[in-house]
Amino acid sequence: MKRAKVAVIGAGNVGATVAARLVADEVGDVVLVDVIEGMPQGKALDLAEATPVGGTSVDVSGSNDYGAIEGVDAVVITAGIARKPGMSRDDLLATNAGIVKSAAEQVRAKAPGAFVVVVSNPLDVMTYLAWKVTGFPRARVFGMAGVLDSTRFAYFVSRELGVAARDVAAMVLGGHGDTMVPLPRYTTVSGIPITDLLAPEAIARLVARTRDGGAEIVALLKQGSAFYAPGASAAAMVKSLLRDEKRLLPAAAILEGEFGEHDVCLGVPLVIGAGGAERIVELKLTHEEKAALRKSADAVREGIGVLKSRGVL
């Protein structure tokens with residue numbers, strides 16, 4: 001049986017971590033693509049040399065040429081500059097829009113049958129941009145952020161309660177940034193809502209830390225931003241896609257009426273399988289949750305509007 005092949009565009013810390021997770025789980029062959037000469041080749045060789053230790057049998061390669069992505073089954077776009085201390089995700093908009101647009105054009109030309117998972121920030125706007133530029137159906141273009149935000153929330157909950165992190169299932173909707181919408185009612189420990197386990201003040205503190213999760217790491221690192229959790233999150237999405245696992249994950253999807261939103265990309269519960277973004281699951285939200293999600297959608301639209309005003313879209 002033919003092995004799946006994944007192209008990771010951007011061989012920085014996030015892209016390399018995505019590749020490492022895909023290789024370790026033998027999801028498929030991996031090609032790293034980056035404009036920096038030697039970097040994707042070097043990281044690919046390093047990963048390939050680790051396969052005998054892990055007992056994995058996949059091919060890993062690196063290239064500065066987009067021709068290397070021809071025929072791939074999935075593309076993960078991580079290319080773009082990383083946040084620096086004091087920089088918001090929206091500060092990245094102008095620079096990363098040009099980078100993602102160029103990558104999406106290459107995907108459209110070289111891998112017209114591929115699925116696309118976007119990781120570059122500001123993520124929801126970049127996912128919308130990639131969807132528009134490729135012209136692919138919305139089921140084939142989606143973004144990573146909700147998985148990352150939810151895993152951060154789950155980790156913080158597990159530490160607060162002193163329980164195994166794997167027993168926590170968290171749900172965070174909305175845009176990847178200050179307007180994200182963590183949902184404590186839908187966040188559980190072995191099926192028990194955390195609203196039954198934690199005081200409202202504790203939940204509010206964990207929600208705030210989740211919203212600031214990326215900024216907290218940026219401040220600690222001082223140079224660069226998070227990459228282990230983002231890379232693991234993107235790899236989990238690709239794995240569900242290529243292995244048809246049909247996992248229900250919070251991810252950035254193009255909405256066409258779901259949750260009352262149109263023509264915008266937003267984090268929602270998404271079933272990811274062989275058909276890509278196969279189904280959006282609409283949760284019953286309270287009035288406050290709906291208002292928060294609407295505010296988040298408006299923030300994403302604002303970013304999309306900036307790209308339109310600059311002629312990027």
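The structure contained in this document is the topic of the report that follows. (Residues numbered from 1 in each chain as written. Predicted model: local features only at pLDDT ≥ 70, side-chain atom pairs only at ≥ 80, totals over all residues. Heavy atoms only, no water.)

## A word on the packing of aromatic side chains
A ring pair, where both rings are aromatic, is described by two values, the distance of the centres and the angle of the planes. Threshold: Aromatic rings from Phe, Tyr and Trp, with only the six-membered ring used for Trp, were paired whenever their centres fell within 6.5 Å, and each pair was classed as stacked if the ring planes differed by under 30 degrees, edge-to-face if by over 60, and tilted otherwise.
One pass over the structure, following the stated rule, counts three aromatic pairs. Considering the side-chain rings of Phe227 and Tyr228, the 4.4 Å spacing of their centres and the 45° angle between planes classify their relative orientation as tilted.

## A few points about the pairing of strand S1 (residues 5-9)
Look at any regular strand and the pattern is simple: side chains alternate between the two faces of the sheet. How we decide: Type-normalised accessible area, obtained with a 1.4 Å probe on protein chains alone, sets the label of each residue: buried when under 20%, exposed when over 50%, and partly exposed for intermediate values. Numbering goes from the N terminus for both helices and strands, where a helix is a DSSP run of H or I of at least four residues and a strand is a run of E of at least two. Paired strands, as defined in this entry, are two strands with at least two bridges between them according to DSSP. For crossovers, right-handed means that the path from the first strand over the helix to the second runs clockwise, given strands pointing away from the viewer.
For S1, the tally of buried residues reaches four of five residues, placing the bulk of the element in the interior. Here S1 pairs with strand S2 (residues 29-33) via five bridges, running parallel. From the neighbouring strand, Lys5 faces S2, where its bridge partner is Asp29. Since S1 and S2 lie parallel, the crossover through helix H1 (residues 13-24) that links them has a hand, and here it is right-handed. The pairing of S1 with strand S4 (residues 74-77) spans four bridges and is classified as parallel. Pairing of Ala7 across the sheet is with Val75, part of S4.

## Considering the sheet that holds strand S10 (residues 188-189)
Reading across the sheet, the three strands line up as S7-S10-S11 and stay open at both edges, with antiparallel pairing between neighbours. The outermost strands of the open sheet, each flanked by one partner alone, are strand S7 (168-169) and strand S11 (192-193). Pairing of S10 with S11 involves two bridges; the strand directions are antiparallel. Of the residues in S11, the one forming a bridge with Thr188 is Pro193.

## Looking at the nonpolar core
Quick note on the threshold: Residues enter a nonpolar core if they are buried and are Ala, Val, Leu, Ile, Met, Phe, Trp, Tyr or Cys, with the set joined through side-chain atoms within 4.5 Å. The contact rule is simple, with two residues in contact once any of their heavy atoms fall within 4.5 Å.
Membership of the largest hydrophobic core comes to 87 residues, with the highest contact counts inside it found for Val76, Met126 and Met237. Looking at this core element by element, the count peaks at eight residues for helix H4 (residues 123-134). If sequence neighbours within four positions are ignored, Val76 has contacts with Val6, Ala7, Val8, Ile9, Val18, Val117, Val119, Ala234 and Val238. Judged by nonpolar contacts, the second largest core, of 15 residues, contains Phe153, Val157, Ala202 and Leu206.

## Here we look at the pattern of salt bridges
To be explicit about the condition: The term salt bridge refers to a pairing of a side-chain nitrogen on Lys or Arg with a carboxyl oxygen on Asp or Glu at a separation within 4 Å.
Here the structure, examined in full by the defined rule, presents 13 salt bridges. Among the salt bridges present, the one from Glu160 reaches Arg205, with a minimum N-O distance of 2.9 Å. Here Glu160, found in helix H5 (residues 145-161), pairs with Arg205, found in helix H6 (residues 200-211); they are 45 residues apart in sequence, far enough to count as distant. For Glu160, a relative accessible area of 34% corresponds to the partly exposed category. For the salt bridge of Glu216 with Arg209, the shortest nitrogen-to-oxygen distance reads 3.0 Å. For Glu216, a relative accessible area of 28% corresponds to the partly exposed category. On the accessibility criterion, Arg209 (40% relative accessible area) is partly exposed. Taken together, the shared-partner salt bridges in this structure form one network comprising Arg3, Asp29 and Asp59.

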